Amino acid sequence: MLETILTQVDENIFYAWESWLGDWLFVISLGLFALELLVVTLRKQMNWRLIGDSVSNFITLYGYLGLSYLFLATFYVSAFYFAYTQLSITQLPLTGWTLAGCIILADLAYYWEHRFMHRTGIGWATHTVHHSSPEFNISVAYRFGPIDGLLPILFHLPLAMLGFNPLIIFLSEAIVQLYQTMLHTKLVKKLPAPIEAIFNTPSHHRVHHGRNRQYLDKNYAGIFIIWDRLFGTFAKEEETVKFGVYPQIKSVNPFIIFFHGFFKLFQQMRQANSFSQACLVWVKPPGWLDSQLNTQQVKSKTQ
Amino acid sequence: MKMPLSLAVTALIVGVVWSTVWAQQIMPSSTATAAMPSAKIETQPAAQTVSKPLSNVSQQSKAIVSLSLVGISSLSNYESAEQTAQKLFSKFTESTNFVNQLKDIEQINIYLVYRAVNNKQLQISAAVETKNLKKSHFESIGLAAGDYQPLAKKGSNTQQLINAWQHLDKQRMFKIVLENYRLDNQGNFIDGYSFVNYQ
């Protein structure tokens, strides 16, 4: 195995790995979700809201997949191959070293992409779907917003320009995604300290999904929590996590769940006092417009 | 951490990881230890230094989709490229494994892949397509897709393959030069072609 990793690897191997991950990711997740449901049932915590919320999670997944296939499938893959063949500074060989490097950089790209999704109006309009569940289980990992598949390209395309073969990039993205999916559980408490120090864990990711004030905009990491520790966005799980977003949407209607972020974004654009302010709502952090309007109100009262 | 500093640290991490990966590709790879029975193929591979009289290639560029190859590689100086390529070529074609495989097929394509490591060294590989040969004695040779321009057209003879090296654009350093040798099942050279992928 080590020999394979350290020498040139057949492109077909990466393709096979990526296909395997793609095919089995959902099946493995469903198995774990079934296990979670069993534990919840045994603990007599099962309720209709949890069932409705979980069903909605999978419906948003189909909405996301539908939109992704319609608008992105060919564009997404073509963009990576165009960047790799026409814009790259080199073309790195298909080796285990390349894969290892690509996973690290794809994870770093995921950190920034994730931070972008939380700290811009357009990002949050789509990503809020994932965070709006008051529950926290594997099915929440499949709760996607309308353009969750579009924005990450901005952060991952540079990898192709650095010379990573798109196949390796897609495989790395799949590995980060698989790892991320497995973090959505309340069943696993804390892991041994060295693991908690380096890797993202269910505990760290519960914090990320928390609406407690001290947990807001923390723990963006995919696989390595060291990115959050390094960039000052880390928070430890101490207080019991309250899941969901402010304000809570209190609905299990998949249509409302899927589009509520964009309803709110367009609502904010209408509230804006100027065209430039309406445009800035897309790129400024969520809540920016409210603070702007409040400041203006205070100014007008004091004048 | 402030945003500008965070971005600077990110750029630094990207630089370190990328450099590490890039450094791995220029490390010399080991040659395979294939058995060497009596010489079956007398065809001499063409490999000359790039410091030859040059002229621009006017033919239209053509992209090659990635080839899956297996073979053997060695690091070489430009000055000794020809000898290294010949050594690899004969080691490769003289292996028992290869000769046995030849009995079952009508013809086979051998490739010589020259990768520029820097302005002093080349990594040279002799390889065939994976479907034609058991992989046990050989390593995989990755050949990325890219903009490959023809140096010698299909159907070229040995002399034309050798002359093709003179058509390299001296102003541009190449990434890869790929030579194809088509052989029959007696090991006789039929024809070949070559491509270049510039930096």
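Rules behind the numbers
- Residues numbered from 1 in each chain as written.
- Chains lettered and ligands numbered in written order.
- Predicted model: local features only at pLDDT ≥ 70, side-chain atom pairs only at ≥ 80, totals over all residues.
- Helix = DSSP H or I, 4+ residues; strand = E, 2+ residues; numbered from the N terminus.
- Buried ≥ 20, exposed ≤ 12 C-beta atoms within 10 Å, placed from the backbone.
- Contact = placed C-beta atoms within 7 Å.
- Axes fitted to C-alpha atoms, helices over the stretch in contact; angles between N-to-C directions.
- Parallel < 35°, antiparallel > 145°, perpendicular 65-115°, else oblique.
- Left-handed = near helix turned anticlockwise from the far one by under 90°.
- Nonpolar A, V, L, I, M, F, W, Y, C, P; charged D, E, K, R; others polar.
- Expected span 1.5 Å × (residues − 1).
- Pairing = 2+ DSSP bridges.

Asker: It is not clear to me how the overall build of chain B should be interpreted in this structure. Could you clarify?
Answerer: For chain B, the count of helices and strands is four helices and eight strands. Ordering the α and β elements of chain B from the N terminus gives α-β-β-α-α-β-β-β-β-α-β-β. In chain B, which comprises 199 residues, the share counted as buried stands at 35%. Summarising the internal contacts of chain B: among those between residues at least 6 apart in sequence, 79% fall at separations of at least 24.

Asker: In this structure, what is going on with the overall build of chain A? I would like to understand it.
Answerer: Across its full length, chain A holds 14 helices and zero strands. The order of helices and strands in chain A, counted from the N terminus, is α-α-α-α-α-α-α-α-α-α-α-α-α-α. Going through the 303 residues of chain A one by one, you find that 38% of them count as buried. Considering only contacts in chain A between residues 6 or more positions apart, those separated by 24 or more positions represent 73%.

Asker: What am I meant to see in the packing of helix 5 (residues 96-119) of chain A against helix 7 (residues 153-161) of chain A here?
Answerer: Packed helix pairs are characterised by how far apart their axes lie and by the angle those axes make with each other. All names here are of chain A. The geometry of helix 5 relative to helix 7 is characterised by a closest axis approach of 8 Å and an angle of 155° between their N-to-C directions. Between helix 5 and helix 7, the angle falls in the class roughly antiparallel. Crossing angle aside, the handedness with which helix 5 passes helix 7 is right-handed. Contact residues: helix 5 offers Cys102, Leu105, Ala106, Ala109, Trp112 and Glu113, while helix 7 offers Phe155, His156 and Leu159. Here the contact of helix 5 with helix 7 is built from residues that sort into seven nonpolar, one polar and one charged.

Asker: Hey, could you run me through the environment of A:Thr233 in this one?
Answerer: Residues and elements named next belong to chain A. With respect to the helices, strands and loops of the structure, Thr233 is situated in the loop between helix 11 (226-231) and helix 12 (254-271). Placed 15 residues apart in sequence, Thr233 and Lys218 show a C-alpha to C-alpha distance of 5.0 Å. Sequence-distant contacts of Thr233, defined by excluding residues within four places in its chain, comprise Asp217, Lys218, Asn219, Tyr220 and Asp228.

Asker: Got a minute to help me understand helix 2 (residues 81-93) of chain B in this structure?
Answerer: Under the 1.5 Å per step criterion, the end-to-end length of helix 2 of chain B is 18 Å for 13 residues, consistent within 8% with the ideal 18 Å. For helix 2 of chain B, the set of buried residues is B:Ala81, B:Thr84, B:Ala85, B:Leu88, B:Phe89, B:Lys91, B:Phe92 and B:Thr93.

Asker: Hey, could you run me through the pairing of strand 4 (residues 121-129) of chain B in this one?
Answerer: Along a regular strand, successive side chains alternate from one face of the sheet to the other. Where burial is concerned, most of strand 4 of chain B is hidden: seven out of the nine residues are buried. From the end of strand 3 (residues 107-116) of chain B to the start of strand 4 of chain B, which pair antiparallel, there are four residues.

Asker: What exactly am I supposed to notice about the packing of helix 5 of chain A against helix 8 (residues 166-182) of chain A here?
Answerer: All names here are of chain A. Two elements in contact, helix 5 and helix 8, have axes separated by 9 Å at closest approach and are oriented at 60°. Put simply, helix 5 runs oblique to helix 8. The handedness of the crossing between helix 5 and helix 8 comes out as right-handed. Along the contact surface, helix 5 presents Thr98, Leu99, Cys102, Ile103, Ala106, Asp107 and Tyr110, while helix 8 presents Ile168, Ile169, Leu171, Ser172, Glu173, Ile175 and Val176. Each residue belonging to the contact of helix 5 with helix 8 can be placed in one class, and the counts come to 10 nonpolar, two polar and two charged.

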